Amino acid sequence: MPRRGRHRSSLPTRLIAVVAALLVTAGVVVVAGSAAAEDSGDSGGGGILSSLTGGDSSDGDSSAGDSDSSGDDSSGDDGSGDDGGSDDGSGDESTGSSDEGAGESTEDGAGGEDEQTGQDDGDGTGDGSGDGSADERGEDPGAGQEQGDGQEQGDGQEQGDGQDSRSAQDGDQDARADETGGETGDETGGETGGETQDAGADGDAADRRSDRVDRRRPAEDVGEVEGTDGAAQAAADPFPGRADAAPAGPEDYVDIADVEPSGTIGEGGVFSRGSYTVDCGVSDHNNSDNYMAAPGKRNGAQHVHDYVGNRTTDADSDERSLEQGATTCVNGDQSTFFWPVVRDLDGTGPDVGEDGGSLDGNVGAIMKPRSAQLSFHGHGDRPVEAMPAHLMIIMGNAKAGAQDQKNVNAKYTCTGQEDRVTDRYPICGPGSQLVRLLDYPSCWDGENLETEDLRSHMTFPDAQGNCESDEVPVPALRITLTYDQPAGRSFSIDSFPNEQHDPRTDHSDYENLATVAQSERGAECINAGEQCANIPREG
């Protein structure tokens, strides 16, 4: 009797066995592919493919049938343990797995990088764990085999098929967006700063956000927005105008005593009924970015901004990052407010030899405001409506000199002589402080939260504070900044280098990230003639 392990078959017999095994394996692959195609429209999932791979064809089937991709991704089981080959799956897990959908088209026109690379939030785990439905598997069973030879057949087929099933996924995403009360990725109808807002009101706000524009496209050259040939110019010279940098001239200054009392100049500033204010401090951080006009471009402003409110605002800011950001506002308002800094020309700034600083002609010590009052006012004869979430507004023109003073709304005065307002740098008397008044447009088109030029959706009211009949009055924002003014002409605001610190280039930018409850309560205060302050997040 032979000892265990020593019995061997003859060579021809072994060859026949090998050939037979290969034929059986090929048959299994064909049957599995056919089963995947037949089961692709079956929400039940399982089918022959599950039997062949030894498990369910999607995590959704094994757990809750039509559960969403968020739950599947968070389990951490999918796309990472299948022979180490499911790179695409684990990548999608790490880049966003909630119903808020990084893979869906976003308001700024990004369209979701996943759609361009063939990955989706829904199907990002190698086991087809998209929405837990068989629709996440595609129609081409061979795609998965081409994508990942190192994976098991079931996983590879489902992963590849998920890339070819755009129509099914788009349908699922639209359904999920409807369930959340607005566009996926808006997050206006979801949580802001970790607190749940009123779903109905937020749904209305989300509807208003349907016309968000892609500001990566060249826009009209207004304010700090890139010109129509901005992309070509940026490629040739990313920071133009530096050769033209120069300080403000004597004609840019005026003794406040020589300014005629007028009460106000420019547009806006005519108020009625009540108001509300928010305390956000005087200066949280500085940079030379502008995410509204030059998104993603470092030193896109070529001058330094002061920021209050949202503490994360920089070139890379977007709605999601701002909604997750901390704030300097005492009531939790996450809105962002910013404007060019004032510098003491006899001092030395922290940005010598840096972009936005001396390289762009901005020199001197940055002055922190003594106070920064952020107030929202009623105006005209009609009641105001609550400001919609994520409404973007700009005022003034940072490129006034290059654009024949178009959209200029600079206003300066001195404490104690506020009836004397000028668009030049005022030389204040002893004991008086420099004041900047930044008045925003407050007549909204009722549809767009921003437009390509960042202006067309908002206009100023008339001299009596009234909007046109087809416009929606919203609270009029006024930012009032005061400074301990240096003596004489030794101060100026930052500017683009070729604007040479022209005082008429004063400007400011704002995006509303107050909660719906805060905005609604603010409108109520104004319309009731009340004076409210620091409205809490819950209203």
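For the structure, check the block above.
Presented here is a report on the structure given in the accompanying data block.

1. Remarks on the state of the cysteines
Reasoning step 1: Taken as a whole and assessed by the stated rule, the structure comprises four disulfides.
Reasoning step 2: Linked covalently through their sulfurs, Cys280 and Cys329 form a disulfide whose S-S length is 1.9 Å. For the disulfide bridge between Cys280 and Cys329, the dihedral angle about the S-S bond is near 95 degrees, and by the sign convention the bridge is right-handed. Taken together, the residues Cys280 in the loop between strand S4 (272-278) and strand S5 (285-287) and Cys329 in the loop between helix H12 (319-323) and strand S7 (336-340) connect sequence positions 49 residues apart.
Reasoning step 3: For Cys280, a relative accessible area of 2% translates into the label buried.

2. Quick word on the sheet that holds strand S16 (residues 458-459)
Reasoning step 1: With antiparallel pairing, three strands are arranged side by side in an open sheet as S16-S15-S17. Strand pairing shows two members of the sheet lacking a second neighbour, S16 and strand S17 (472-473), which therefore form its edges.
Reasoning step 2: With two bridges joining them, strand S15 (residues 443-444) and S17 adopt antiparallel strand pairing. Along S17, the bridge assignment pairs Cys443 with Pro473.

3. Structural notes on empty space enclosed by the protein
Reasoning step 1: One pass over the structure, following the stated rule, counts four cavities of 30 Å³ or more.
Reasoning step 2: The computed volume of the largest cavity comes to approximately 100 Å³.
Reasoning step 3: Residue lining of the largest cavity: 13 residues in total, with Tyr276, Asp333, Phe376, Ala514 and Gln518 positioned closest to the centre.
Reasoning step 4: Residue contributions to the lining of the largest cavity peak at three residues, all from S4.
Reasoning step 5: Looking at side-chain class alone, the lining of the largest cavity contains six nonpolar, six polar and one charged residues.

4. Things to note about helix H13 (residues 516-527)
Reasoning step 1: Between its terminal C-alpha atoms H13 stretches 17 Å, which fits the 16 Å expected from twelve residues at 1.5 Å a residue.
Reasoning step 2: Considered for burial, the residues of H13 that qualify are Val516, Gln518, Ser519, Gly522, Ala523, Cys525 and Ile526.
Reasoning step 3: Positive backbone phi, at 75 degrees, marks Gly529, one or two positions downstream of H13.

5. Points about the nonpolar core
Reasoning step 1: Phe337, Trp339, Phe376, Ile479 and Tyr510 are the most contacted members of the largest nonpolar core, which has 42 residues in total.
Reasoning step 2: Secondary-structure elements contributing two or more residues to this core are S4, S7, strand S10 (371-378), strand S11 (392-396), strand S14 (434-439), strand S18 (476-483), strand S19 (491-493) and H13.
Reasoning step 3: Of the residues forming this core, the biggest block, four residues, is contributed by S18.
Reasoning step 4: One finds Tyr291, Tyr307, Leu322 and Ile394 within the second-largest nonpolar core, a separate group that totals ten residues.

6. Section: the pairing of S14
Reasoning step 1: The buried count for S14 comes to six of six residues, which makes it a mostly enclosed element.
Reasoning step 2: Judged by which residues are buried, S14 turns out to be covered on both faces: Leu434, Arg436 and Leu438 on one side and Val435, Leu437 and Asp439 on the other are all buried.
Reasoning step 3: Looking at chain direction, S14 and S18 are connected through six bridges and run antiparallel. Paired with Val435 across the strands is Thr482, a residue of S18.

Cut-offs used in this document
- Residues numbered from 1 in each chain as written.
- Predicted model: local features only at pLDDT ≥ 70, side-chain atom pairs only at ≥ 80, totals over all residues.
- Heavy atoms only, no water.
- Disulfide = S-S within 2.5 Å.
- Helix = DSSP H or I, 4+ residues; strand = E, 2+ residues; numbered from the N terminus.
- Buried < 20%, exposed > 50% of the residue type's maximum accessible area, 1.4 Å probe, protein only.
- Pairing = 2+ DSSP bridges.
- 1 Å grid on protein atoms, 1.4 Å probe; cavity = no way out; pocket = protein on both sides within 12 Å on 5 of 7 lines; lining within 4 Å.
- Points joined across faces, edges and corners; volume = space filled by probe spheres on them.
- Nonpolar A, V, L, I, M, F, W, Y, C, P; charged D, E, K, R; others polar.
- Expected span 1.5 Å × (residues − 1).
- Core = buried A, V, L, I, M, F, W, Y, C linked by side-chain atoms within 4.5 Å.

By themselves these figures say nothing about function.
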